[in-house]
Amino acid sequence: MAVSGYPVLVVAVLLCLSLSSSGKKGASAAVKDSTTQEAKPVNPCCYYPCQHNGVCMRYGFERYECDCTNTGYYGTNCSQAEFWTTVVRMLRPSPSFLHYLLTHFKWFWDIVNNTFLGSALMRIIVLARSNLIPSPPTYNSAYGYLNWEAYSNLSYYTRLLPPVPDDCPTPMGTKGFEVLPDAQLVAEKFLLRRKFVPDPQKSNLMFAFFAQHFTHQFFRTFGRMGRGFTKALGHGVDMNHVYGDTLERQAHLRLFKDGKLKYQIKGGEMYPPTVAQAPVHMNYPDHVPPEEQLAIGEEHFGLLPGLLMYGTLWLREHNRVCDILQREHPTWDDEQLFQTARLILIGETIKIVIEDYVQHLSGYYFKLIFNPELLFGTTLQYQNRIALEFNELYHWHGLMPNTFALNGKEFSYESFMFNSSILLDFGVEALVESFTIQRAGRIGGAQNIARNVIKVATGVIRESRLLRVRPFNEYRKRFNLKPYESFEELTGEKTLSKELEKVYGHIDAMEFFPALMIENPKENAIFGESIIEMGAPFSLKGLLGNPICSPAYWKPSTFGGKTGFDIVNTASLQRLVCLNVKNCPPNVAFHTPDFEDEEKGYTGAKSSTEL
């Protein structure tokens, strides 16, 4: 598929057409559904009759109406395209073609990346992706229709699609069996690892732990309030995993001197304080001695040394930034130093996520850039709400290996979990070096979740059912993807597809989370098409819709002047590590080194061991 001489503007148009959805006003129509049951009429909306984001409204018992307004379609089921929608559909390339284009022809993308066209294309991509996410938010788990409570109650995750109506004949609507297969059976039969499958994109444990550390700012399910609730009322990047999610917790973690956070010195280096020094609640088991219970913003991060490692790096970075700000502004008090340092760390995080983390994940030759000014004067809204579907999509436990290798020593889950002495004894530099060379697992397209964490996948499936998340194919349609017509098309093979059909009955009854995990991945990619096409809009909207990216905030004075602004604009994973350790480890990145021995890069530990 040669693209020699392919005009850059044509590429930009193709990307825009592919990523955006039509927005012209359409018509509404009503029709009486002919499908009824003698004993009790079936809710016609259970058939999901309204296509292309049309809204189904039930009238009486047997009649429905599809509201096609602003979809670009019209007709009984919003299935007839308007003129301009037809034109866009004819010109829109497939996601597979675009992925191929973006991951090949490096010479072409080198030209684009080094000209103004790179910025122009980034602007198109962000707007097109972000426009797929409704703003303001729409539904939540309590309401399947628009109302003020669903909009204003920040305690809920929002939802892209409303729940399955609770009076449908099957759990997934009308397709499939009347009872879904046991959640544990689904997890163990279709998701449980038999043999470690390494990520072909060479993601390492630095990537795996960053993914977990970063996303716990906004994926904070609050089961004690009920299903579908979140503790993360900020709904975005606010660094609450460093500073705490309440003012009370934050106060315990602050030094209240020079803007800094509390710390302790071990071996001449800075580490988080103990819970005795900063009395916050941390979820450590009873066998962990108090002197090894480290206190950081997120109460669950004592679980893994990799999370504590990132917590330590951000602690050091905050206090380093405070020293810089104090030299620049000797008249500032503790509060202004603290608050400005926090804004700088938020900016650093967003830049690292876009230019290092998402760049690696995409596998694109096109260089992603963090430049909020590209979006000034556009329709992007500087607010965000985390969606339940985004939370489910991001359960990437396939990244975790079977064992963890550190400086030639191998740790099982039992010896690794809640073991803060690993961080304190080995030090940040050693952990970074070891995590850089150990390969993470493939997320999608393989039964690749370790037994030690398979219960998390089981819990996701159970919660998804309680919250009546719609079938996978409904989300494919919502993101302008062709719904799968068979289990074999979903998985790309026959044996697994036959087993899935036995337990689900119909491809339109396939559940959202398991489908994402078993979808046939792209060639040499970490997962399949759906996670890319669904996850990218949520990610870009959440990152660039952050308040610090708005015209009111994005200026040097917000970050303490040019020096603070430069810290944000030059941030990278490598700088975060190297500016906060004594000796910079080699090859700091989210992927294993290119020169690494293939066998060692694939495993780093006993990859085929079943734990």
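Residues numbered from 1 in each chain as written. Predicted model: local features only at pLDDT ≥ 70, side-chain atom pairs only at ≥ 80, totals over all residues. Heavy atoms only, no water.

## Observations regarding the state of the cysteines
Short version of the rule: For this text, the term disulfide refers to a pair of cysteine sulfurs within 2.5 Å. Working definition: helices are DSSP H or I runs of at least four residues, strands are E runs of at least two. Numbering for both runs from the N terminus. Classification of residues uses two cut-offs on accessible area relative to the type maximum, computed with a 1.4 Å probe and protein chains only: under 20% is buried, over 50% is exposed, and between them is partly exposed.
Tallied over the entire structure, the rule returns five disulfides. Cys50 shares a disulfide with Cys66; S-S distance 2.0 Å. Residues Cys50 and Cys66 are joined through a disulfide that is left-handed, its torsion about the S-S bond being -90 degrees. Of this pair, Cys50 sits in the loop between strand 1 (28-32) and strand 2 (55-59) while Cys66 is found in strand 3 (residues 63-67), placing the two residues 16 residues apart along the sequence. Side by side, Cys50 and Cys66 carry an identical accessibility label, which is buried.

## Considerations on empty space enclosed by the protein
Where we set the bar: Grid points spaced at 1 Å and placed over the protein atoms alone form the basis of the search, with a cavity being a set where a 1.4 Å probe fits but cannot get out and a pocket an open set showing protein on both sides within 12 Å along at least five of seven lines. Lining residues have an atom within 4 Å of a point. Grid points are joined across faces, edges and corners, and a volume is the space filled by probe spheres set on the points. Throughout this entry, Asp, Glu, Lys and Arg are counted as charged residues, while Ala, Val, Leu, Ile, Met, Phe, Trp, Tyr, Cys and Pro are counted as nonpolar. The remaining residues, Gly among them, count as polar.
Under the definition given, this model contains six cavities of 30 Å³ or more. Put simply, the largest cavity is a space of about 590 Å³. Along the wall of the largest cavity there are 40 residues; nearest its centre are Val358, Ile532, Gly535, Ala536 and Ser539. Those elements that provide at least two residues to the lining of the largest cavity are helix 1 (8-19), helix 3 (95-102), helix 5 (116-130), helix 12 (334-362), helix 13 (388-393) and helix 22 (529-544). For the lining of the largest cavity, the leading source of residues is helix 22, giving ten residues. Class assignment of the residues belonging to the lining of the largest cavity gives a composition of 28 nonpolar, nine polar and three charged.

## What about the pattern of salt bridges?
Rule in force here: Should a side-chain nitrogen of Lys or Arg be within 4 Å of a carboxyl oxygen of Asp or Glu, the pair is scored as a salt bridge.
Here the structure, examined in full by the defined rule, presents 23 salt bridges. Of the charged contacts in the structure, one is a salt bridge between Arg254 and Glu335, with a shortest N-O distance of 2.9 Å. Residue Arg254 is found in the loop between helix 10 (247-253) and strand 8 (264-266), and its partner Glu335 is found in helix 12; the two are separated by 81 residues along the sequence. Among the residues examined, Arg254 registers a relative accessible area of 4% and is labelled buried. Judged by its relative accessible area of 36%, Glu335 falls in the partly exposed class. A salt bridge links Asp566 to Lys562, with the shortest nitrogen-to-oxygen separation between them at 2.7 Å.

## Here's the deal with the nonpolar core
We apply this condition: Only buried residues count toward a nonpolar core. Its members are Ala, Val, Leu, Ile, Met, Phe, Trp, Tyr and Cys residues joined through side-chain atoms within 4.5 Å. Any two residues whose heavy atoms approach within 4.5 Å at even a single point are treated as in contact.
Judged by nonpolar contacts, the single largest core of 161 residues is most densely connected at Phe209, Met309, Phe366 and Trp396. In terms of residue count, the dominant contributor to this core is helix 12 (twelve residues). Contact partners of Met309, with chain neighbours within four places excluded, come to Met206, Leu423, Val428, Leu431, Val432 and Phe435. Core analysis: the second largest hydrophobic core is formed by eight residues, Cys50, Cys66, Cys68 and Ala81 among them.

## Regarding the packing of helix 7 (residues 183-190) against helix 17 (residues 454-466)
Between two packed helices, what matters for the description is the angle formed by their axes and the separation of those axes. The test is simple: Only C-alpha atoms enter the line fits that serve as axes; for helices the fit covers just the stretch in contact. Angles between N-to-C directions range over 0 to 180 degrees. Each angle receives one of four descriptions, namely roughly parallel if under 35 degrees, roughly antiparallel if over 145, roughly perpendicular if within 65 to 115, and oblique otherwise. Here is the rule for handedness: rotate from the far helix to the near one, and if that takes an anticlockwise turn smaller than a right angle the crossing is left-handed, while a clockwise turn gives right-handed.
Remark: helix 7 packs on helix 17, axes separated minimally by 8 Å, with the N-to-C direction vectors making an angle of 135 degrees. By the angle between their axes, helix 7 is oblique relative to helix 17. Relative to helix 17, the crossing made by helix 7 is right-handed. Facing helix 7, whose interface residues are Ala183, Gln184, Val186 and Ala187, helix 17 presents Ile454, Thr458, Ile461, Arg462 and Arg465.

## Considerations on the confidence of the model for the protein
The cut-off we apply is this: The predictor's confidence in any single residue is recorded as pLDDT, a number from 0 to 100.
In the predicted model, the protein carries a mean pLDDT of 89, and the fraction of residues at 70 or more is 91%. The least confident element of the protein is strand 1, whose mean pLDDT is 37; the most confident is helix 23 (residues 562-569), at 98. In this model residues 1-17 is a low-confidence stretch, pLDDT under 50, and it forms 30 contacts with partners more than four residues away in sequence or in other chains. Across residues 596-611, confidence stays below pLDDT 50; counting only partners more than four residues off in sequence or on other chains, it has 39 contacts.

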